[in-house]
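Chains, contacts and geometry: an overview
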Amino acid sequence: RFNHLLPSVDDVGGGGGGGDDGARVAARAAVPLMQSEGLWSVITIFACIPSTLSSVYKERALGEVDLDVVYLNGWVSVFQILLCVPMAVPSASAQQIPILDLPANTLEGWRCYMGVDTVTKHNPVPGKPLDHCESAPLYVTLYIVFNLAYNVLVILVLKYSSAMMLAMLSTILVPMSNVAFSLRFIPGHQPLRPSDLMGLLIIMLGLVMYRFYESVG
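Note that this is a predicted model, so its numbers are computed, not measured.

Some points on the layout of surface pockets
Taken as a whole, the largest pocket encloses approximately 1100 Å³ of empty space. Lining the largest pocket are 30 residues; nearest its centre among them are Ser51, Lys58, Val76, Gln80 and Asn151. Mapped onto the lining of the largest pocket, the elements with two or more residues apiece are helix 1 (21-64), helix 2 (69-94), helix 4 (136-160) and helix 5 (163-170). In terms of residue class, the lining of the largest pocket is made up of 19 nonpolar, 10 polar and 1 charged. As a volume, the second largest pocket reaches approximately 590 Å³. Taken together, 15 residues line the second largest pocket, and the ones lying closest to its centre are Tyr143, Phe146, Ala180, Phe181 and Ile186. Breaking the lining of the second largest pocket down by element, the ones donating at least two residues are helix 4 and helix 6 (173-180). Here the lining of the second largest pocket gets 5 residues from one element, more than from any other, and that element is helix 4. The class makeup of the residues in the lining of the second largest pocket is 14 nonpolar, 1 polar and no charged.

A short note on the packing of aromatic side chains
For the structure shown, the criterion picks out 2 aromatic pairs. Arranged with centres 6.4 Å apart and planes meeting at 40°, the rings of Trp75 and Phe79 form a pair that is tilted. Taken together, the positions of Trp75 and Phe79, both in helix 2 and 4 residues apart, correspond to about one turn of that helix. Residue class for Trp75 comes out partly exposed when judged on its relative accessible area of 42%. Both rings, one in Trp110 and one in Tyr113, keep their centres 6.2 Å apart while their planes meet at 70°; by these two values the pair is edge-to-face. Of this pair, Trp110 and Tyr113 both sit in helix 3 (residues 102-113), separated by 3 residues, roughly a single helical turn. For Tyr113, a relative accessible area of 24% gives the class partly exposed.

So, the side chain of Ser182
Relative to the helices and strands, Ser182 resides in the loop between helix 6 and helix 7 (194-216). In terms of polar contacts, Ser182 uses its side chain to reach the backbone carbonyl oxygen of Val179, at 2.5 Å. In this structure, Ser182 is in contact with His189, Gln190, Pro191 and Leu192, ignoring residues within four places of it in sequence.

Some words on the pattern of salt bridges
Counted under the stated rule, the structure contains 1 salt bridge. A salt bridge links Asp66 to Lys159; the shortest N-O distance between them is 3.4 Å. Placement of Asp66 in the loop between helix 1 and helix 2 and of Lys159 in helix 4 is noted, with a sequence separation of 93 residues between them. Exposure remark for Asp66: the relative accessible area of 68% places this residue in the exposed category.

About the criteria used
- All residue numbers refer to positions counted from 1 along the written sequence of the respective chain.
- pLDDT decides what is reported in this predicted model: residues at 70 or higher carry local features, side-chain atom pairs at 80 or more are listed and counted, and totals for whole chains, interfaces and linings draw on all residues regardless.
- Working from all heavy atoms in the structure, the side-chain values ignore hydrogens and water.
- Cavities and pockets are found on a 1 Å grid laid over the protein atoms alone: a cavity is a set of points where a 1.4 Å probe fits but cannot escape, a pocket is an open set with protein on both sides within 12 Å along at least five of seven lines, and a lining residue has an atom within 4 Å of such a point.
- Grid points are joined across faces, edges and corners, and a volume is the space filled by probe spheres set on the points.
- Counting from the N terminus, the helices are DSSP H or I runs at least four residues long and the strands are E runs at least two residues long.
- In this classification, Asp, Glu, Lys and Arg are treated as charged, Ala, Val, Leu, Ile, Met, Phe, Trp, Tyr, Cys and Pro as nonpolar, and every other residue, Gly included, as polar.
- Only Phe, Tyr and Trp rings are paired, with Trp represented by its six-membered ring, and only when their centres lie within 6.5 Å; those with planes under 30 degrees apart are stacked, over 60 edge-to-face, the remainder tilted.
- Partly exposed residues are those whose accessible area sits between 20% and 50% of the maximum for their type, while under 20% is buried and over 50% is exposed, using a 1.4 Å probe and protein chains only.
- Pairs of N or O atoms are called polar contacts if they sit within 3.5 Å, as long as, within protein, a hydrogen donor faces a hydrogen acceptor (for residues adjacent in sequence, only side-chain-to-side-chain pairs).
- Any two residues whose heavy atoms approach within 4.5 Å are treated as being in contact.
- One speaks of a salt bridge when a side-chain nitrogen belonging to Lys or Arg is within 4 Å of a carboxyl oxygen belonging to Asp or Glu.

Scope: geometric values only; no functional claims are made or implied.
Have a look at this one:
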């Protein structure tokens, strides 16, 4: 998505020589792709910094003051809502959504949550698939419930354990997500690979060793 911001290679392998044109075209296409993947890798790494600082701060705050986890999670949600408004601008740019379309896009999202289709056979929009919002209230509400439960559990881990334990538990999410998305009733499910099971086994073994070593120490 950010390929147009990155430099491309006009001539791979120097000028002249008359090498394979197909290889040069493939190389020119591969370099921006690798640069884009590297950019997103760096963005992902830096994106972990705020959540890490948040976990450490919450651990210290919960250790010094007896806060209700639901109350704390409520205030976190308030600040997230305030921050999501300005962050919608770069997010829209990353998804190639015009900034001026953000209000209409948000309104259409709310309408879909209420089960009302915007893009239909009688109201088509070029380049957009038809809406199927009839099940959106159920699935979005379920997501909100599970997300709320997840965030409460995160704060409970910070309150009764540590940020280090939360970081180690978070590593389980990737292999567990792969297992979940291999279930047949999940749309777009993918077959489970042996590496997914091996990764889950290694992570679980590491968690057990960490807890055992901590209790012995």
